[in-house]
Each structure stands twice: as C-alpha cells, then as structure tokens.
Amino acid sequence: MALIDVVKFNGLASRDWIIYKHYAEDLSTASQLIVGEGQVAAFIKGGQLCDLFGPGTYTLSTNNIPILSKLINLPFGGKTPFSAEVYYVNAATKLDINWGTSDPIQLVDPKYQIRLRIRAFGQIGLKISDFAVFIKELIGSMGPSEVVNYDNVIDYFKGIIVTKVKTCIAQIIIEERISALEISAKLSEISEKLNELISPNFAQFGLKLVNLYIKSVNFPDEDFEKINNILADKAAFEIMGDSRYSTKRSFDVYEGAANNQNGVAGAFAAGGLGLGIGAGVGMNSAAIQGVMSAPKPADIYCPQCHSPNSANSKFCNSCGSPLVQQAPPMKKCPECSADIPEGSKFCNSCGARIPTEIVCECGAVLSPGSKFCNNCGKKVGE
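Overview of the structure. (Residues numbered from 1 in each chain as written. Predicted model: local features only at pLDDT ≥ 70, side-chain atom pairs only at ≥ 80, totals over all residues. Heavy atoms only, no water.)

A short note on the sheet that holds strand β1 (residues 6-8)
Line of reasoning, step 1. With respect to topology, 3 strands assemble into an open sheet ordered β1-β4-β7, the strand pairing being mixed. Two strands in the sheet have a free side with no partner beyond their single neighbour: β1 and β7 (56-59). Ignoring which end each strand starts from, the neighbouring axes of this sheet average 20° apart.
Line of reasoning, step 2. Of the pairings in the sheet, the one linking β1 to strand β4 (residues 32-35) comprises 3 bridges and is parallel in character. Residue Lys 8 lies in a different strand from β4, and its bridge partner there is Ile 34. (Pairing = 2+ DSSP bridges. Helix = DSSP H or I, 4+ residues; strand = E, 2+ residues; numbered from the N terminus. Axes fitted to C-alpha atoms, helices over the stretch in contact; angles between N-to-C directions.)

Section: the sheet that holds strand β13 (residues 147-149)
Line of reasoning, step 1. Overall, antiparallel pairing links the 5 strands, which are arranged β6-β5-β9-β2-β13 in an open sheet. This sheet does not close on itself; its edge strands, each paired only once, are β6 (48-53) and β13. When strand polarity is set aside, the average angle formed by the axes of neighbouring strands in this sheet is 20°.
Line of reasoning, step 2. As defined by bridge partners, strand β2 (residues 17-21) adjoins strand β9 (residues 85-90) across 3 bridges and the pair is classed as antiparallel. What sits directly across from Lys 21, in β9, is Tyr 87.
Line of reasoning, step 3. Contacting β2, β5 (39-45), β6, β9 and β13, helix α2 (residues 131-139) crosses the sheet at an angle of about 80° to β2.
Line of reasoning, step 4. Helix α3 (residues 150-175) rests against β2, β9 and β13 of the sheet, and its axis sits at about 55° to β13. (Contact = heavy atoms within 4.5 Å.)

Some thoughts on α3
Line of reasoning, step 1. Helix length check: α3 (26 residues) gives 35 Å between terminal C-alpha atoms against 38 Å at 1.5 Å per residue, within 8%.
Line of reasoning, step 2. Where α3 bends most, at Phe 157, the angle is about 50°.
Line of reasoning, step 3. Restricting attention to buried positions, one finds in α3 the residues Tyr 150, Val 153, Ile 154, Phe 157, Ile 161, Val 162, Val 165, Cys 168, Ile 169, Ala 170, Ile 172 and Ile 173.
Line of reasoning, step 4. The positive-phi residue at the C-terminal boundary of α3 is Arg 177, with phi of around 55°. (Expected span 1.5 Å × (residues − 1). Bend = angle between axes of the 7 residues up to and from the residue. Buried < 20%, exposed > 50% of the residue type's maximum accessible area, 1.4 Å probe, protein only.)

Some thoughts on the pairing of β6
Line of reasoning, step 1. By the bridge criterion, 5 bridges tie β5 to β6 in an arrangement that is antiparallel. Paired with Ala 42 across the two strands is Leu 52, which belongs to β6.
Line of reasoning, step 2. Hairpin connection from β5 to β6: 2 residues lie between these consecutive antiparallel strands, with Gly 46 at a positive phi of about 60°.

Things to note about the nonpolar core
Line of reasoning, step 1. The biggest cluster of nonpolar side chains holds 53 residues, and the ones touching the most others in it are Ile 19, Ile 124 and Phe 134.
Line of reasoning, step 2. The contact partners of Ile 19, leaving out residues within four places of it in the chain, are Tyr 87, Tyr 88, Val 89, Phe 134, Ile 135, Ile 139, Met 142, Glu 146, Val 147 and Val 148. (Core = buried A, V, L, I, M, F, W, Y, C linked by side-chain atoms within 4.5 Å.)

Topic: the pairing of strand β11 (residues 105-108)
Line of reasoning, step 1. The side-chain alternation of β11 yields one buried face, formed by Ile 105 and Leu 107, and one unburied face, formed by Gln 106 and Val 108.
Line of reasoning, step 2. Inspection of the sheet shows β11 paired to strand β12 (residues 115-128) by 4 bridges, in the antiparallel sense. Paired with Val 108 across the bridge in β12 is Arg 115.
Line of reasoning, step 3. Hairpin remark: β11 followed by β12, antiparallel, with 6 residues in the connecting loop; positive phi at Gln 113, about 55°.

Focus on the packing of aromatic side chains
Given two aromatic rings, one states the distance between the centres and the angle between the planes to describe the pair.
Line of reasoning, step 1. Evaluation of the coordinates by the stated rule reveals 6 aromatic pairs.
Line of reasoning, step 2. Judged by centre distance (4.3 Å) and plane angle (25°), the rings of Phe 157 and Phe 202 are stacked. Remark: Phe 202 occurs in helix α4 (residues 187-203) and Phe 157 occurs in helix α3; sequence separation between them is 45 residues.
Line of reasoning, step 3. Taking the relative accessible area as the measure of exposure, Phe 157 reaches 2% and is therefore buried. (Phe/Tyr/Trp six-rings, centres within 6.5 Å; stacked < 30°, edge-to-face > 60°.)

Next comes the structure, spelled out in structure tokens:
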C-alpha cells in the first residue's frame, strides 16, 4: 500500500463528533501530521499511546516522537515506512447535549396528596479533560474512518444521569415537602447539586462536566387537572366561607346521588373528599351509611281505631281521638305465637299473613276460620 505523505482531518459539518480514526495506517518518518484548531491528534503504535499533538503541523519523525525509535528500532533521521494509528479527538466544548427521564418519577405530592408522574428534561455541557484516559477507558479500538459521536458517549452515561436526577428531585420534594407545582423555584439549586453528584462519574473517563441544567419538570395533564380541582375547591371555600361552602357541597353530593348507580350512600362516599376539605371533617362511607340506615322513631297507635301515628302526635290522624303514649293492644300470631299489634296483616316475627277477624250479623266477633256463629248459630257467609 502506498505511503501516506499527509495525515489530516477537516472535521464534520455537524460538529457532533468526538473522536475520529484516520484511515491511514501506512506512514513513514517523513509523513506530515496536520492538526486543526479545536483538535488533538493521538498517535498510537502497537496499541501504545505514543504522543498527543495539539493544533499545528508535525513531521512524524523520531525527533518529534522519540518513542518511535524504540518501537520500530530505527536510527534518527531517514524516510522509513512504519504502520501506526492516528486518532483525531474533538477538543472543543459541547454545550447542547439534551437529556430526559424516559420513565416518570412516581411519588405522592406532599401538599395535595395526589400521586404524580413527574418527568425532567435538561441539557449538559461536556469536554474532554484527559485525552489519554478518554481513549484508553472509554473508546478502545476503532475501525478505519470510524466516528464516535457525542450521542454514543451520552448513551454510556444516560443511566447515571437519569438515576441521579430522579433521586435528587424525589428527595427535595419528599424531605422538604415542596409541591411539584413549586419545584420550578428549586431548579437552579437542584442543577448545582446534580453537577456535584455526577461530575466524578465523568471525570474517571477523562471527561469534564462543564454544566448540567434542568430546563423543565412536568407531569401529565390528567395529574395537573386533579390538582386544579383541589385548588378550585379551596378557592370556593375561602370565598364562600365554611357554612355556605358546606351547603353547596351537600347539594353537589345529593345531585350526584341521583345519577350514582351505587345509591345515595355511594354518592356520599364519593363526595367525602370535598366535604372533608370544605368543613374540615372527614366523613367516611361507613358513618354515612349508618346515618342513612338509622331507624325512625317508633309509631304510636290510636287506642280507639288502632291507626298508626307518628311518635310526636297528640291526636289520631284518622279518628281525631287523643293519643296516649302507651303500647298498642297486642294479640298472638297464629303461626309462631309472637306478640303482634292488633290489626296487623302480617306477623313482624315470622312474616305469616294474619287472617282477618269475622264479624257476624248479630255483632259477635268470631275467630278466623269459623263456619258458624257461636252466638246466634247462623252459618257464616249466608
């Protein structure tokens, strides 16, 4: 293969490259190496880093690379061919590298007690601080004309960045009890803390973390809507006052009960959060159901016509007779012998139907099932 007289790399238009391996490997002690601004050339022979060259033009002779004389056993001077590898490294600082959390941070907002799915996005700036360590520890061997971009390097560190960001944001929200809605005021503080936490991870591979910024912390619209509803209830409570707000929420619950398939108790349970916020008292569904199922005061019976009346009645609503607060006349159920009020149609103990008493034409009251009157002897029903 023909010897290469000039080794040069003009860079890439995208400027996203971080290291490039020159295709030339057949060199001579008279070959010229040209390194542009913002570049560093690494000269590698037999897997050993011989030297690093900053911007300028160099002749690959034993004068410029004394270690060559040991590696290829050449005398000083002359034009002798040899094989070696040249790597061009981007020495410029890259400031616009984007990152983001692929999976949300799931936590309960300490202020609104709503489960949120938080995501964070930001930017980092990187530059190579130790070229020899960077090549040895992170890059290794490459093929001719192969290019490594910043995206490839960031892929190595993405797990570290995301893990540290999630941990830092979660700690601040939980330990300092800051709502996710108010976290924007802490972004600068969080960014500085993350710089300190992540920098050592980059440094061990020859990279310097110039900066790390969190540009935004957000969560899905449905999570934001839940918080908005709570804020709207809070604002209504502050404007309307305690009693008026409680009344309004009660009407809301009753309206919901009409459309709730679970019934009124289910509507009260669903409205428990709003009632708790407005009145400062948490009502659970068990307590509400207890109120809903509480028995009404026992009825009292008229001593004249035996009609039932409400417990506080003073006069019978059927015959107008004064009511005396006493137990109604009782009789025995023909099936289970339980005591039941006279006039009952069904036994309140066994549920049996109570036969209706028979009154003869002579005025005698006959037992249910009687076929003849025991007073006048007339056949019943004639």
